[in-house]
Amino acid sequence: MAITEAPTAQRHLTELTLDFLGYLELERGLSRNTLEAYRSDLQQFGQFLHRRKLDPLAVAPVDLAAFVSELAEGHDGRSPVAPATLQRKIACLRSFYRHLRRDQILADDPTTELRPPRSRARLPKVLTRDEVARLLAQPRGSDAPALRDRALLETMYACGLRASEAIGLELSELDLESGILRARGKGSKERIVPIGSKAIATLRAYIEHGRPRLVGLRDEPHVFVNQRGAGLSRQGLYKIVQRHARSAGLEDRMSPHTLRHTFATHLLAGGCDLRSLQEMLGHADIGTTQIYTHLSAGRLRDVYFDAHPRAQIDR
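A few points on the structure. Model, not experiment: these values are computed from the prediction.

1. Details of the packing of aromatic side chains
Geometrically, a pair of aromatic rings is defined through the distance of the ring centres and the angle of the planes. Summed over the entire model, instances satisfying the criterion amount to eight aromatic pairs. Seen from their ring centres, Phe45 and Phe48 are 6.4 Å apart, and the 15° between their planes marks the pair as stacked. Taken together, the residues Phe45 and Phe48, both in helix H2 (residues 32–52) and three residues apart, mark about one turn of the helix. Relative accessible area serves as the criterion here: at 1%, Phe45 is assigned to the buried category.

2. A few points about the side chain of Thr262
With respect to the element layout, Thr262 can be found in helix H10 (residues 256–269). When sequence neighbours within four positions are dropped, the list of residues in contact with Thr262 reads Val126, Leu127, Val132 and Tyr157.

3. Some words on the nonpolar core
Leu181, Ile195 and Phe224 are the most contacted members of the largest nonpolar core, which has 40 residues in total. For this core, the leading source of residues is helix H6 (residues 144–159), giving seven residues. Residues contacting Leu181, with those up to four places away along its chain left out, are Thr155, Cys159, Leu161, Leu169, Glu173, Leu174, Arg191, Ile192, Val193 and Ile195. Formed by 27 residues, the second largest nonpolar core is a distinct cluster that contains Phe48, Leu64, Phe67 and Leu71.

4. Re the environment of Leu237
Note on placement: Leu237 falls in helix H9 (residues 234–247). Leu237 sits 84 residues away from Leu153 along the chain, and the two C-alpha atoms are 9.8 Å apart. Aside from chain neighbours lying at most four places away, what touches Leu237 is Leu152, Met156, Ala163, Ile167, Leu232 and Pro256.

5. So, the pairing of strand E2 (residues 180–184)
Residues Leu181 and Ala183 line the buried face of E2, whereas the alternating positions Ile180, Arg182 and Arg184 sit on a face that is not buried. Hairpin connection from strand E1 (residues 174–175) to E2: four residues lie between these consecutive antiparallel strands, with Gly179 at a positive phi of about 75°. The pairing of E2 with strand E3 (residues 190–194) spans five bridges and is antiparallel. Across the sheet, residue Ile180 finds its bridge partner in E3, namely Pro194. If you look at the hairpin formed by E2 and E3, you'll find five residues sitting between the two strands, and Gly187 has a positive phi there, around 65°.

6. Comments concerning the packing of H10 against helix H11 (residues 274–281)
Between H10 and H11, whose axes approach to 10 Å, the crossing angle comes to 160°. It follows from the interaxial angle that H10 and H11 lie roughly antiparallel. In terms of crossing hand, the pair formed by H10 and H11 is right-handed. Contacts between H10 and H11 involve Arg260, Phe263, Ala264, Leu267 and Leu268 from the first element and Leu274, Leu277, Met280 and Leu281 from the second. Class assignment of the residues belonging to the contact of H10 with H11 gives a composition of eight nonpolar, no polar and one charged.

Basis of the calculations
Residue numbers run consecutively from 1 along every chain, following the written order of its sequence. For a predicted model such as this one, the threshold for reporting local features is a pLDDT of at least 70, and the threshold for listing and counting side-chain atom pairs is 80 or more; totals across whole chains, interfaces and linings nevertheless cover every residue. Side-chain numbers come from the whole structure's heavy atoms, not from hydrogens or water. The criterion for an aromatic pair is that two Phe, Tyr or Trp rings (for Trp, the six-membered ring) have centres within 6.5 Å, with stacked assigned to planes under 30 degrees apart, edge-to-face to planes over 60 apart and tilted to the rest. Numbering of helices and strands starts at the N terminus; helices are DSSP runs of H or I of at least 4 residues and strands are runs of E of at least 2. Relative accessibility under 20% of the residue-type maximum defines a buried residue, over 50% an exposed one, and the middle range a partly exposed one, all with a 1.4 Å probe and only protein chains included. Residue contacts are counted whenever heavy atoms from the two residues lie within 4.5 Å of one another. Residues grouped as a nonpolar core are buried Ala, Val, Leu, Ile, Met, Phe, Trp, Tyr and Cys residues, joined through side-chain atoms within 4.5 Å. At least two DSSP bridges between two strands are required for those strands to pair. To get an axis, a line is fitted to the C-alpha atoms, and for a helix only the part in contact is used. The angle between two axes follows their N-to-C directions and goes from 0 to 180 degrees. Any angle between 65 and 115 degrees counts as roughly perpendicular, while under 35 counts as roughly parallel, over 145 as roughly antiparallel, and the rest as oblique. Less than a right angle of anticlockwise turn of the near helix away from the far helix marks a crossing as left-handed, whereas a clockwise turn marks it as right-handed. Gly is placed with the polar residues, together with every amino acid not listed as nonpolar (Ala, Val, Leu, Ile, Met, Phe, Trp, Tyr, Cys and Pro) or charged (Asp, Glu, Lys and Arg).

Here you go:
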């Protein structure tokens, strides 16, 4: 690879950058904000080239990949850039080198295979069975709010409901005799989900003895209501979940969605097949459901090391 004196390479990049930005402004009509962002991106790229003593016209794909990795992972005490920012910087480099090739300054474009590094999927937080039991035991007493909270938490865990599905659930969508409910998911898509016996029992108690005290004479279709008898809001649901999570010592591990993740993980660990789980969660793409296979594999590993007498020695 050709190596030039750093000051010469820097001047070379500055000239090329000015020409590129002029093309973007005059021929492509890009906004001032975009031009400024690209100028900043190429300036950062120039600093990378300066450290490596590289000429912008002599970089190889491996050099560009190293630059992108630095951005993604952080460098010299800098934090990693956000994924959206990383995508923009890559788009800037691609556009820059396509421009150089179009102007016949370069014979080959080194960015043709440039991709952002694959990031590991962030696995959602999941409760253990003991933690779930501790959470579900928090709403105590027989007053209306306690009956509501108990039924709400049990139903979310039993059916894997999203927060929006739980607060949107209506009485007409419950069939406690058959043990099923109709959930309205994203894009108003409906699905049928079984309800476990524990959730059925708490729903019966709430609908018969708790909900009437909250609703009074209101004609309210929603199952879960607030203190005034109106349908529960997303914020109200969040406060209920957080209050009981705090009492159970789980505040730092809990959100309303945690119960959905836990539902999915526990079903897979218990032998549920992926297609059935996809249907119950209302996922359009089974690829979305597959994240729970990673969680279940991790859980199985923990069980193995906790239970196998020979494995414990090597831990």
